[in-house]
There are 2 protein chains.
Amino acid sequence: MRLTPATELEYRCKQLQTLMAAQGLDAVLIAQNADLFYFTGTIQSGCLYVPQAGQPLYLVRRDAARARMESGLKEIRPFSSPKDIPAILADSSYPVPKRIGMEFDVLPVGLFERYRKVFSDAEFLDASPLVRQVRMIKSHYEIHLLQDAADQVHAVHLRAQEAIREGMTDLELAAELEYTARTHGHLGLIRMRVFNGEMMFGHTFSGVDSAVPAYTDTPLGGMGPSPCFGQGASHKPIGRHEPIIIDFAGNCDGYLVDQTRVFCIGGLSDRLRRGFDDMLKVQELMKELAVEGVPWGELYDRCHTLAVDMGYADSFMGARGSQVSFIGHGVGVEIDEYPYIARGFRDQTLQVGMVWAFEPKVVFPGEGAVGIENTFYLSRDGLKQLTRSDDALVIL
Amino acid sequence: MRLTPATELEYRCKQLQTLMAAQGLDAVLIAQNADLFYFTGTIQSGCLYVPQAGQPLYLVRRDAARARMESGLKEIRPFSSPKDIPAILADSSYPVPKRIGMEFDVLPVGLFERYRKVFSDAEFLDASPLVRQVRMIKSHYEIHLLQDAADQVHAVHLRAQEAIREGMTDLELAAELEYTARTHGHLGLIRMRVFNGEMMFGHTFSGVDSAVPAYTDTPLGGMGPSPCFGQGASHKPIGRHEPIIIDFAGNCDGYLVDQTRVFCIGGLSDRLRRGFDDMLKVQELMKELAVEGVPWGELYDRCHTLAVDMGYADSFMGARGSQVSFIGHGVGVEIDEYPYIARGFRDQTLQVGMVWAFEPKVVFPGEGAVGIENTFYLSRDGLKQLTRSDDALVIL
C-alpha cells in the first residue's frame, strides 16, 4: 500500500490548472472516484474544488479523518452538500467562479443539477477531456505501480499453466486466477469510465465462447455466467485443441495493466495457430511504429492494414458485424483511458509518458479467438513493455 | 442460468406504465444496466423505450443477436445513436413524446444531453423513482433467485468456519470466501446505484479494522487494501479474541442478498459479546414490527430507540461522528434499493413483496464492531427470512 506523494498531487493539479487556463475555466469540480483518487490520493466522499490558480480544496463529507491521513493535499474542509461551497470559497477568499468544469461523461444528471443550482449564474462546461489529458501522461511513480500490476498478472499467467485442466469450466478457471490475483494484492476492482462499464478482472473463456460477441466494446466478449452479466467466463467446460483466452487486468494500488495470453491443451488448428502468429506480427509492427508524434489513428490504420493484408478483414478485432474500431486503449487508474489506438484520431499523437494496452485479436465464430495483449509505455528512451509474461502460445 | 420469463417482463412494464400515466409521462427511456436487465432480461448496449401505452421497444446497438436470444421482449430494433429514435418511433406509428422520463440519478450529463437534443421540444423528468418503485416489489420468480443467492452466502458462511485461522490476513480470508462464492455461481459483481458506489462481494475485516469508518454510506467501513479503494479487507492479520466480520453479498443471476455474521477465535470481550446479543434483540424487534403498512421511518425509529435505550447512542450504526441514518436497505438487482429502513420516510410504508437487508451493528473504535445482518421478505403470510445461516456468534 502506497500513499500518493504530495509532490505528485501538486504536479497533477498544476497540469490541470494549465489546461484550465487555456480553456478559460475558473474552476473544476471533481467528484468521481477515479479522478478523486488521481488528484487527492484517496476517494473520500465529497468533491475536489480546483481553482484556476492556487491550492485545490478537498471538500469531504465522509470521512474527514481518513482524508487527512491518506491525502497529501493541504486544504481539506468539511462539507455536507454543494450548498456549502460558496461559504467555503468566501472563507478562503476565493473568487466566485463564472466558468466551471465538471466531469460530464460520468456525473449523473441529478447530482449535476444540485451543483448547477448553487452556481446559477455560472456557465458549466465538460472538464472530462482536460482531466483525461492530464491523466494520460504517467509519471515515474505511476510507472512503478504499473510494473507491480504487471507482476500480478504474471503470477496469474504462471498459475494458469498449473490450473488449466480438461473438463473444468471457464468459470472455475476464472475463480482460480482471481484467487491468485487477490492473494497477490489485486484490489478486486477494475475501474472503467464508460457509462455502464463493468468488468471483473478481465475475461477468461475458451473455444467457441471466446468468439461470442457481447455488449462490451471489446474485440472478444464471451457468454458470461448469466444474461445479467453477459461477458467473460461462462459454465462452458474446457476441451482439447481449443484456444483458452486469459485476458487479465492487474490492479496494484489502483493502477491497471492489461494482458492477454492464449493457452491450449494439445495444440490448435492450423487456422488458429496462424492467426495467433499473425497477431504477433501486428504487435511487432506497432512496436516499430510507436514513436513520439505518431497520430493514434495512423498507428491504428497501419496495424489494421497489415491485418487486412494478411487476410483478416472479416475477423480482425471481432467477427464481421461485431468488429470494434480500436486495437489499443490507454490504461492507468481506469481501463479505458487515453490514448485510443483507434480509427480516426488524426490530431492526437503519441507522447512520452503514455501507457496503453495493445490487443490485436482475430475471431472465428463457431471456432474461437486468438491474439495477444501487452501494456506498453512510451519512455524518453523509446517504447517499453510493462507486462512481462512470455508472448508464446502455451501448449499444455 | 435463467432467462427472465416474458410474463415477468410484461408485468414489470405494465407496472411502470401505470406509474407513468399517473405522472403524465409519455415515455421513459431506460439506459442503465441494472434497469435494462430488470425490464429486458439482458443488458445489451442501447436503451429501452417504454411508451405510456403499448409495447416497449428495445433499441440495441450491440449485440442484437444476443438481445433476441436473451430477452423475452417482442420488439428489438437496431440502433446506433439517440438520433435514430424519432425514425424508429415513426416506423412503429408511435407518437412523438412530449414528456420523457430518464434515470437522472445514474445517467451521465453528457449522454443525457445527446438524448435531449433529439427531443428538443420535450420536457425531461426524472424517472428513477418510478423505476425504483416498480423494482421494489418482488415477484415469486425473483424470490426464488434471492433464495439461491442466500444459498451462496450460506456456502461462504460454512467455508469461513474452515478457513479462518490466526495470523492470516483479512484479505487472504476474503480471497478464500470470494473463491467459494465464485465456484457457487456468484457473478462476481455487486451492482450499486449510488454515484461512486463500488463494492467487491461485501466486507471482510477483523478487530480494530472493523471499527474504521470509510467513505461508504455503511455502518462499518474498513481500511481496505489501498487508499484508492479504502473499504473492506486490508492486510491486517487476524488475531485471537477479536470480532471477524463477514458481511457478504450473494449474487445469483443478478439478484443480491446481504448477510453479516461475526466469527472469533477464542471468544470476545464482555462488551463486544453483549453488543452482539443486543443487536440480535434489535433484529427481533424489527421482526415483530415489520408488517404491511408500517412506515419505513417508524421501523427505523423504534429499532433505533431500542438501541439507544440499551446504551448504544454513540456506537449504533457507526461510532460517534460516523453514524449512518439507516438500519436497513432494499436489495434486488442492486444492493441499494427501496425500501430504506432509515430516519425520516414517514410516508412510505412496508408493502407485500418488499425485500430488505436489516443490519443492526455497533462500533467501538480501537476495539471492533459486532452485529447481525439478514435479508427479509414481506410475504402475504408475513415476514420471511431469506438468508439462512445460523445467527449465532461463531467461536472457533
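In the annotation of an unreviewed UniProt entry, chain A is listed under the name Xaa-Pro aminopeptidase and assigned to Trichlorobacter ammonificans.

Colleague: Would you mind showing me how to read the environment of Glu298(B) here?
Modeller: Residue and element names in this part refer to chain B. On the secondary structure map, Glu298 appears in helix α10 (residues 296–309). Residue classification places Glu298 among the partly exposed positions, given a relative accessible area of 30%. Along the primary structure Glu298 and Met20 are separated by 278 residues, whereas in three dimensions their C-alpha atoms are 29 Å apart.

Colleague: Any chance you could explain the sheet that holds strand β15 (residues 374–379) of chain A here in plain terms?
Modeller: Within a sheet, adjacent strands bond to each other through the backbone by hydrogen bonds, running parallel or antiparallel. Residues and elements named next belong to chain A. The strand order across the open sheet built from five strands is β11-β10-β12-β15-β16, with neighbouring strands paired in antiparallel fashion. Edge positions in the sheet fall to β11 (337–342) and β16 (382–385), since each has one partner strand and no second. Ignoring strand direction, the axes of neighbouring strands in this sheet form an average angle of 30°. Here three bridges tie strand β10 (residues 326–330) to strand β12 (residues 355–358), and the two strands are oriented antiparallel to one another. Bridge pairing in β12 links His329 to Ala357. Here helix α10 (residues 296–309) sits on the sheet in contact with β10, β11 and β12, set at roughly 40° to β11.

Colleague: Help me understand α10(B), please; the structure alone is not making it clear to me.
Modeller: Think of an α-helix as turning once every 3.6 residues; residues three or four places apart then point the same way. All names here are of chain B. With 14 residues, α10 should reach 20 Å at 1.5 Å per residue; the first-to-last C-alpha distance of 20 Å fits that figure. Buried residues of α10: Trp296, Gly297, Leu299, Tyr300, Cys303 and Ala307, and no others. Take α10 and look down its axis: the buried residues cluster within an arc of 155°, on one side only. Contacts from the buried residues of α10 go to α6 (128–136), α9 (270–289), β10 (326–330), β11 (337–342) and β12 (355–358). Positive backbone phi, approximately 100°, marks Gly311, located one or two places after α10.

Colleague: Help me understand the pattern of salt bridges, please; the structure alone is not making it clear to me.
Modeller: In a structure, side chains of opposite charge can pair up when their charged atoms sit close to one another. Enumeration over the complete set of coordinates arrives at 67 salt bridges over all chains. Across the pair Glu198(B) and Arg191(A) runs a salt bridge, and its minimum N-O distance is 2.7 Å. You can see Glu198(B) sitting in the loop between α8 (170–183) and β7 (202–206) and its partner Arg191(A) sitting in the loop between α8 (170–183) and β7 (202–206), one on each of two chains. A residue is classified by how much of its surface remains accessible, and Glu198(B), at 15% relative accessible area, is buried. Residue Asp35(B) is joined to Arg193(B) by a salt bridge in which the shortest nitrogen-to-oxygen separation is 3.0 Å. Placement of Asp35(B) in helix α2 (residues 33–40) and of Arg193(B) in the loop between α8 and β7 is noted, with a sequence separation of 158 residues between them. For Arg193(B), a relative accessible area of 5% puts it in the buried group. Taken together, the salt bridges that share partners define one network made up of Asp35(A), Asp105(A), Arg135(A), Lys138(A), Arg193(A), Glu334(A) and Glu337(A).

The rules behind each value
- Residues numbered from 1 in each chain as written.
- Chains lettered and ligands numbered in written order.
- Predicted model: local features only at pLDDT ≥ 70, side-chain atom pairs only at ≥ 80, totals over all residues.
- Heavy atoms only, no water.
- Helix = DSSP H or I, 4+ residues; strand = E, 2+ residues; numbered from the N terminus.
- Buried < 20%, exposed > 50% of the residue type's maximum accessible area, 1.4 Å probe, protein only.
- Pairing = 2+ DSSP bridges.
- Axes fitted to C-alpha atoms, helices over the stretch in contact; angles between N-to-C directions.
- Contact = heavy atoms within 4.5 Å.
- Expected span 1.5 Å × (residues − 1).
- Arc of directions from axis to C-beta.
- Salt bridge = Lys/Arg side-chain N within 4 Å of Asp/Glu carboxyl O.

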